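Secondary and tertiary structure notes
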Amino acid sequence: MDNIYKQFDIDDDVFEFVKNTEDTLKDRFLKADEICEYNQLKVIKAMQDAKLAEAHFNPTTGYGYNDIGRDTLEKIYANVFNTEDALVRAQITCGTHALSIALAANLRPGDELLSISGKPYDTLEEVIGIRESNGSLKEFGITYSQVDLLADGSFDKDGIKKAINEKTKVIAIQRSKGYQTRKTLSPYDIGDVIKFVKEINKDLIVMVDNCYGEFVNLHEPSDFGADMTVGSLIKNPGGGLAPVGGYIVGTKKCIENCAYRLTSPGLGKEVGPSLGVTKDFIQGLFMAPNVVNAALKGAILLANVYEKLGFRVVPDSKEDRFDIIQAIDFNKPEGLIEFCRGIQSAAVVDSFVVPEPWAMPGYDSDVIMAAGAFVSGSSIELSADGPLRPDYTAYYQGGLTFNHAKLGVLLTLQKLKNANIVKLS
Ligand SMILES: *Cc1c(COP(=O)(O)O)cnc(C)c1O
């Protein structure tokens with residue numbers, strides 16, 4: 001077995017270290033497999049209930065009127081997420097776009113947006129206007145306020161109660177940590193705070209940024225009354241097959257507003273050609289529970305390897321998981337950079353390129369990204385990135401198969417060993 005790893009220039013001690021770690025994780029992996037099985041069956045049932053048929057894979061062009069495949073895809077998403085309606089489109093270009101639509105569609109001038117999970121994801125700062133930006137919600141007279149999570153990572157209910165005022169219209173919650181080292185929020189804790197918020201005012205609209213969280217647990221935030229649950233199709237629910245896209249699932253009213261915002265008032269969901277991507281969207285969703293399972297096992301392996309070597313990892317080696325992200329603090333730029341180069345060298349596409357930090361649009365410090373993906377920028381595929389700022393944290397995610405994720409873990413360790421950043425004996 002280790003012969004084939006030699007072809008990747010992996011030393012015996014690196015291989016043994018990872019192998020020995022993996023051998024201790026059998027029970028963890030078994031638990032993940034049970035969640036995967038449940039979610040796979042949930043997805044199959046959703047497709048059967050929507051009466052998915054071969055004709056639904058036919059493409060439409062132009063306006064896309066009467067695209068039965070697109071409508072069936074949206075029915076399937078609504079079934080999976082247990083919501084009244086869904087908007088799942090190739091015309092939603094990414095997760096940020098989906099979140100931007102959800103917010104702009106449901107807020108009006110004079111309304112206030114309240115984030116109750118602290119600072120939102122970097123790219124949303126410009127959507128909201130936390131960082132000045134052309135076309136932000138702020139420019140349209142929509143104000144923003146924020147309640148940080150408590151030191152233990154839980155919701156600050158007193159703070160939330162105080163922050164809600166007569167202007168508050170939408171409550172935003174971000175499940176995953178983004179480029180922070182806080183804990184990821186569980187769908188169960190999110191459900192609990194939704195109940196709390198609705199008791200204060202049942203008309204408040206709760207939007208959950210579900211990026212990277214789909215199919216990690218038995219439930220989604222939409223099972224617990226989130227009015228909108230939002231994510232990217234080049235992350236978990238696209239299963240590696242969706243070439244583009246975003247989704248918003250939720251109440252009929254909210255989704256209608258989103259459709260009017262995405263296309264045009266009056267047109268809404270009626271227009272938007274599927275351009276031949278329907279099969280990839282649906283097959284990707286079918287694959288997603290098992291792809292997420294592979295990514296999750298990779299993240300668990302990575303956490304256990306690097307924790308053993310003395311690095312701070314979030315989540316730690318034993319914690320329950322609510323997304324597929326693994327953060328590792330390297331505390332110096334070289335560690336983060338070598339780690340990302342290791343992931344890049346494990347890629348199938350562009351394995352021979354060497355990533356360098358650069359100023360990416362939407363981010364306020366240089367970022368290094370390792371991504372050799374079939375779908376450009378896809379982070380359900382094996383990938384890692386991190387902003388070049390203390391604690392020089394690498395954010396690792398993805399892997400369409402566990403075998404590939406494991407190769408990624410091995411090659412990061414090899415690069416760090418070669419650079420004398422870790423010592424194995
Ligand atoms: C990835 C991500 C986004 C933005 O998605 P893009 O597809 O990169 O625009 C938003 N929120 C969180 C938590 C994310 O992980």
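Being a predicted model, the structure only gives us computed values, none of them experimental. (Residues numbered from 1 in each chain as written. Predicted model: local features only at pLDDT ≥ 70, side-chain atom pairs only at ≥ 80, totals over all residues. Heavy atoms only, no water.)

Focus on the overall build of the chain
Regarding its fold elements, the chain presents 12 helices and 12 strands. In summary, the chain has a C-alpha radius of gyration of 21 Å against a globular reference of 22 Å for 425 residues, a match within 12%. Summarising its shape, the C-alpha atoms of the chain cover approximately 65 × 50 × 40 Å along the three principal directions. Within the chain, buried positions represent 59% of all 425 residues. For the chain, restricting intrachain contacts to residue pairs at least 6 apart in sequence, the fraction spanning at least 24 positions comes to 71%. Carbon and sulfur atoms make up 53% of the accessible area of the chain, which totals about 17,700 Å². Distance from the positive charge centre (45 side chains) to the negative charge centre (58 side chains) of the chain: 2 Å. (Helix = DSSP H or I, 4+ residues; strand = E, 2+ residues; numbered from the N terminus. Rg over C-alpha atoms; globule rule 2.2 N^0.38 Å. Buried < 20%, exposed > 50% of the residue type's maximum accessible area, 1.4 Å probe, protein only. Contact = heavy atoms within 4.5 Å. Areas by Shrake-Rupley, 256 points an atom, 1.4 Å probe, with all protein chains shown as cover. Lys, Arg positive; Asp, Glu negative; His and termini not counted. Charge placed at Lys NZ, Arg CZ, Asp CG, Glu CD.)

A look at the sheet that holds strand β12 (residues 393-397)
Taken together, five strands build an open sheet; the order of strands is β8-β9-β12-β11-β10 and the sheet is antiparallel. With partners counted over all chains shown, the strands left at the sheet margins are β8 (312-314) and β10 (367-371), one partner each. For this sheet the average axis-to-axis angle between neighbouring strands, irrespective of direction, equals 20°. Note: strand β9 (residues 326-329) against β12, four bridges, orientation antiparallel. Across the sheet, residue Ile328 finds its bridge partner in β12, namely Ala394. (Pairing = 2+ DSSP bridges. Axes fitted to C-alpha atoms, helices over the stretch in contact; angles between N-to-C directions.)

Examining the pattern of salt bridges
As enumerated under the stated definition, the model contains 31 salt bridges in all. Across the pair Arg131 and Glu126 runs a salt bridge whose closest N-O atoms are separated by 3.6 Å. Given a relative accessible area of 22%, Arg131 falls into the partly exposed group. A residue is classified by how much of its surface remains accessible, and Glu126, at 25% relative accessible area, is partly exposed. A salt bridge links Arg312 to Asp329; the shortest N-O distance between them is 3.2 Å. Linking Arg312 in strand β8 with Asp329 in strand β9, this pair joins segments that are 17 residues apart in sequence. Overall, the relative accessible area of 4% leaves Asp329 in the buried class. One network of salt bridges, with partners in common, ties together Lys119, Asp122, Glu125, Glu126, Arg131 and Arg389. (Salt bridge = Lys/Arg side-chain N within 4 Å of Asp/Glu carboxyl O.)

What to know about helix α12 (residues 402-418)
Side chains three or four residues apart in an α-helix point the same way, a direct result of the helix having 3.6 residues per turn. Taking 1.5 Å per residue, 17 residues should reach 24 Å; α12 reaches 24 Å between its end C-alpha atoms and fits that length. With respect to burial, α12 is a largely interior element, 13 of its 17 residues being buried. With its phi angle positive at about 60°, Asn420 sits one or two positions after the end of α12. (Expected span 1.5 Å × (residues − 1).)

Considering the pairing of strand β6 (residues 228-232)
When you tally the buried positions in β6, you get five out of five residues, the bulk of the element. Of the two faces of β6, the one holding Met228, Val230 and Ser232 and the one holding Thr229 and Gly231 are both buried throughout. Both strand β5 (residues 205-209) and β6 contribute to a ladder of three bridges, which runs parallel. Across the sheet, the residue bridging to Val208 is Thr229, located in β6.

A word on the domain arrangement of the chain
Domain assignment breaks the chain into domain 1 (2-40 + 286-418) and domain 2 (58-276). Centre-to-centre, using C-alpha coordinates, domain 1 lies 27 Å away from domain 2. Counting residues at the interface gives 40 residues for domain 1 and 34 residues for domain 2. Taken together, both faces of the contact between domain 1 and domain 2 bury some 2,900 Å²; the carbon and sulfur share is 60%. Seen at the junction of domain 1 and domain 2, the total is three salt bridges. Notably, a salt bridge pairs Asp323 with Lys177, separated by 3.9 Å at the nearest N-O pair. At the surface where domain 1 touches domain 2, the tally comes to 13 residue pairs in polar contact (both at pLDDT 80 or more). (Domains from an automatic or database assignment. Buried area = accessible area lost by both parts, 1.4 Å probe. Polar contact = N/O pair within 3.5 Å; in protein donor to acceptor, adjacent residues only side chain to side chain.)

A few points about the site of the ligand
Surveying the vicinity of the ligand reveals the residues Cys94, Gly95, Thr96, Leu99, Tyr121, Gln174, Asp209, Cys211, Tyr212, Ser232 and Lys235. The separation between an oxygen atom of the ligand and a polar side-chain atom of Lys235 is 3.0 Å. Alone, the ligand offers 380 Å² of accessible surface; in the complex the protein occludes 90% of this. Each residue belonging to the shell around the ligand can be placed in one class, and the counts come to five nonpolar, four polar and two charged. (Near = heavy atom within 4 Å. Nonpolar A, V, L, I, M, F, W, Y, C, P; charged D, E, K, R; others polar.)

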